[in-house]
Amino acid sequence: MITDEIKVIDVDTHVTEPYDLFTSRVSTKRWGDMVPHVRTIPWDTARHWDPSADPDMPRDIWILNGQPSSPIGITTMAGWREWPPAHPSTIEDFDPGAYDAEKRLERMDEYGMYAHVIYPNVAGFGNQNFLKLEDPELMLACVRAYNDFLHEWCGLNPDRLLPIMAVPFWDVDETVREIERCAKLGHKGVLFPQQPHLFGDSPMLADPHWNPVWHTAEDLGLSINFHIGSGNPVDVHGGYEGNGQQANYSAGTVRFFMDNMNGIMEILISGICHRHPKLNFVSVESGIGWVPYVLEAVDWQWLNAGGRDEHPEMDLLPSEYFKRQVYACFWFEREVALHTIEMIPDNVLYETDFPHPTSMSPGPASVADKPKDFIERNLSSLPRETLQKILHDNAARVYHLDY
């Protein structure tokens, strides 16, 4: 099989954090229940924020600063027996590969994945949930605690488990310090919100406020990773009630995917790529089918609206900056993926999103194939050189891997 011949680097997976991640590393003597922790709550409380809550099953939920945040099972549905938004209630119901590093390696072998790039759940996909803690010292302590945990978790096999660091983006100086600290630990990239101005008092990506972050990441050879869910808040449960839960959830998740183009557009037209030519950006869990249209559209508007005259210092078109420095990831797309890969084979990465509800994870309530079977069935028509790029070489270049 293709996955026997190529060491596939899966560039978007998540760790389901242990219940005691923060309480075992951050002082509960000082901050008490403000420290993130998990609590089991009954259905009559859960039903107010979880429309799928089972009256016979209490929910384990993350508590941040004393307030309910998210059910621990809502992001850990690989192999689950019910359609989303229904989800497991406790960690005992999860695929153990979600939280156990040794079991993760076993699942990777089963799925034909050589390496996993690892992202968080509870902190939010752009670190924004830390803002709920309100106390700046506690927020920073939790960021560091998470990064230390992930470094240790991936330490079981650092060639195959690749950590992406969280950062305290609300404080640029501390963000720079944390990037420098985590780079020494071996973290492979920086998780950053693609629309930071939507969280707290942070400005837009284009603002010079962020220049120290771009300089530091570029100097250290670390990519900036924009994961979906780090921009406009999207209620995946929202929509007309008469549509039904599954229908509204389907539409909500697609809106989630598409939101990443806002951050990508910003870095292309703001001059960030121009000023930082060695800084790579990754659009994570957003798919790739939209990329050709957006690149053609932004080039047209850039020229047709006078962008080149307004910014003569930018010597490339937006699409050319993208091709030089930006990457996008796919997992379920078929025909549109082949078309996009043909156009930009050097900018495409493969992911599975394990163990999220939309992941390439077979189960009773999923239409997914095992990743190795999906690759064999849908990508085998590609030239071997192209397969090598999208499944391994592009990711190895972005994350500086030497295998």
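Summarised in this report is the structure supplied together with it. Quick caveat, the model's predicted, so the values are computed rather than measured.

What counts, and at which threshold
Residues numbered from 1 in each chain as written. Predicted model: local features only at pLDDT ≥ 70, side-chain atom pairs only at ≥ 80, totals over all residues. Heavy atoms only, no water. Helix = DSSP H or I, 4+ residues; strand = E, 2+ residues; numbered from the N terminus. Contact = heavy atoms within 4.5 Å. Areas by Shrake-Rupley, 256 points an atom, 1.4 Å probe, with all protein chains shown as cover. Lys, Arg positive; Asp, Glu negative; His and termini not counted. Charge placed at Lys NZ, Arg CZ, Asp CG, Glu CD. Phe/Tyr/Trp six-rings, centres within 6.5 Å; stacked < 30°, edge-to-face > 60°. Buried < 20%, exposed > 50% of the residue type's maximum accessible area, 1.4 Å probe, protein only. Salt bridge = Lys/Arg side-chain N within 4 Å of Asp/Glu carboxyl O. Polar contact = N/O pair within 3.5 Å; in protein donor to acceptor, adjacent residues only side chain to side chain. Arc of directions from axis to C-beta. Pairing = 2+ DSSP bridges. Axes fitted to C-alpha atoms, helices over the stretch in contact; angles between N-to-C directions. Parallel < 35°, antiparallel > 145°, perpendicular 65-115°, else oblique. Nonpolar A, V, L, I, M, F, W, Y, C, P; charged D, E, K, R; others polar. Disulfide = S-S within 2.5 Å.

**Notes on the overall build of the chain**
- Along the backbone of the chain there are 16 helices and eleven strands.
- Sequence-distant contacts, at least 24 apart, represent 73% of the contacts inside the chain between residues at least 6 apart.
- Here the chain displays about 16600 Å² of accessible surface, and carbon together with sulfur accounts for 50% of that area.
- Averaging the locations of the 31 positively and 60 negatively charged side chains of the chain gives two centres separated by 4 Å.

**Let's talk about the packing of aromatic side chains**
- Under the definition given, this model contains 16 aromatic pairs.
- On the basis of an interplanar angle of 80 degrees and a centroid distance of 6.2 Å, the ring pair of Y111 and F354 is categorised as edge-to-face. With a gap of 243 residues between them, Y111 in helix α4 (residues 101-111) and F354 in the loop between β11 (348-350) and α15 (371-379) connect regions that are remote in the sequence.
- Look at Y111 and you get buried, because its relative accessible area is 5%.
- What makes F354 buried here is its relative accessible area of 1%.
- Their ring planes at 85 degrees and their centres at 4.8 Å tell us that W331 and F332 sit as a pair that is edge-to-face.
- For F332, a relative accessible area of 36% corresponds to the partly exposed category.

**Remarks on the pattern of salt bridges**
- One pass over the full model with this rule turns up 15 salt bridges.
- Between E152 and R25 there is a salt bridge whose closest N-O contact spans 2.6 Å. In this pair, E152 is assigned in helix α5 (residues 136-154) and R25 in the loop between β1 (9-14) and α2 (28-31), connecting sequence segments 127 residues apart.
- By relative accessible area, which is 48% here, E152 ends up partly exposed.
- The exposure class of R25 is partly exposed, given its relative accessible area of 34%.

**A closer look at the side chain of S361**
- Counting through the fold element by element, S361 comes out in the loop between β11 and α15.
- Here S361 falls in the buried class, since its relative accessible area comes to 3%.
- At 2.6 Å, the side chain of S361 and the side chain of S359 are in polar contact.
- Filtering out sequence-adjacent residues up to four positions away, S361 remains in contact with A78, G79, Y111, F354, S366 and A368.

**Details of α4**
- Within α4 the residues assigned to the buried category are A101, R104, L105, R107, M108 and Y111. The arc that holds every buried residue of α4, seen down its axis, measures 165 degrees, which confines them to one face.
- Directly after α4, the chain includes G112, whose backbone phi takes a positive value near 85 degrees.

**A word on the sheet that holds strand β8 (residues 223-227)**
- Across the sheet, which stays open at both edges, the eight strands sit in the order β1-β5-β6-β7-β8-β9-β10-β11 with parallel pairing between neighbours. Every interior strand has two partners, whereas the edge strands, β1 and β11, have only one. Mean inter-strand twist for the sheet, computed between neighbouring axes without regard to direction, equals 30 degrees.
- In this sheet, strand β10 (residues 326-330) lies alongside strand β9 (residues 281-284) in parallel orientation, the contact comprising three bridges. What sits directly across from S283, in β10, is A328.
- Contacts from helix α9 (residues 260-269) reach β8, β9 and β10, with the element oriented near 145 degrees to β8.

**Notes on the packing of helix α11 (residues 291-304) against helix α13 (residues 318-325)**
- Between α11 and α13, whose axes approach to 8 Å, the crossing angle comes to 140 degrees. Classified by the angle between their axes, α11 and α13 sit oblique to one another. The segment α11 lies against α13, with V291, L295, V298, D299 and W302 engaging P318, S319 and F322.
- Counted by class, the contact of α11 with α13 contains six nonpolar, one polar and one charged residues.

**A short note on the state of the cysteines**
- Throughout the structure, instances matching the rule amount to zero disulfides.
- Of the cysteine sulfurs around C154, a residue in no disulfide, the closest is that of C182, at 12 Å.

**Section: the environment of Y146**
- Topologically, Y146 is positioned in helix α5.
- For Y146 and P120, which are 26 residues apart along the polypeptide, the C-alpha to C-alpha distance reads 8.6 Å.

**Points about the side chain of Q325**
- Inspection of the secondary structure assignment puts Q325 in helix α13.
- Looking at Q325, the relative accessible area reads 0%, which means it is buried.
- Side-chain polar atoms of Q325 contact the side chain of R324, separated by 2.8 Å.

**Focus on the sheet that holds strand β3 (residues 59-64)**
- Across the sheet, three strands lie side by side as β2-β3-β4; this open sheet has antiparallel pairing. On the outer flanks of this sheet lie β2 (37-41) and β4 (67-71), each paired with one strand and no other. Taken over all neighbouring pairs, the strand axes of this sheet differ in orientation by 45 degrees on average, direction set aside.

**Some thoughts on unusual backbone geometry**
- With omega at 0 degrees, the peptide bond leading from F354 into P355 counts as cis.
- One non-glycine residue, E134, lies in the positive phi region at around 70 degrees.
- Taking relative accessible area as the criterion, E134 reaches 61% and is therefore assigned exposed.
- Of note, E285 is a non-glycine position whose phi angle comes to about 65 degrees, a positive value.
- Positionally, E285 belongs in the loop between β9 and α11.
- Using a relative accessible area of 4% as the deciding quantity, one classes E285 as buried.

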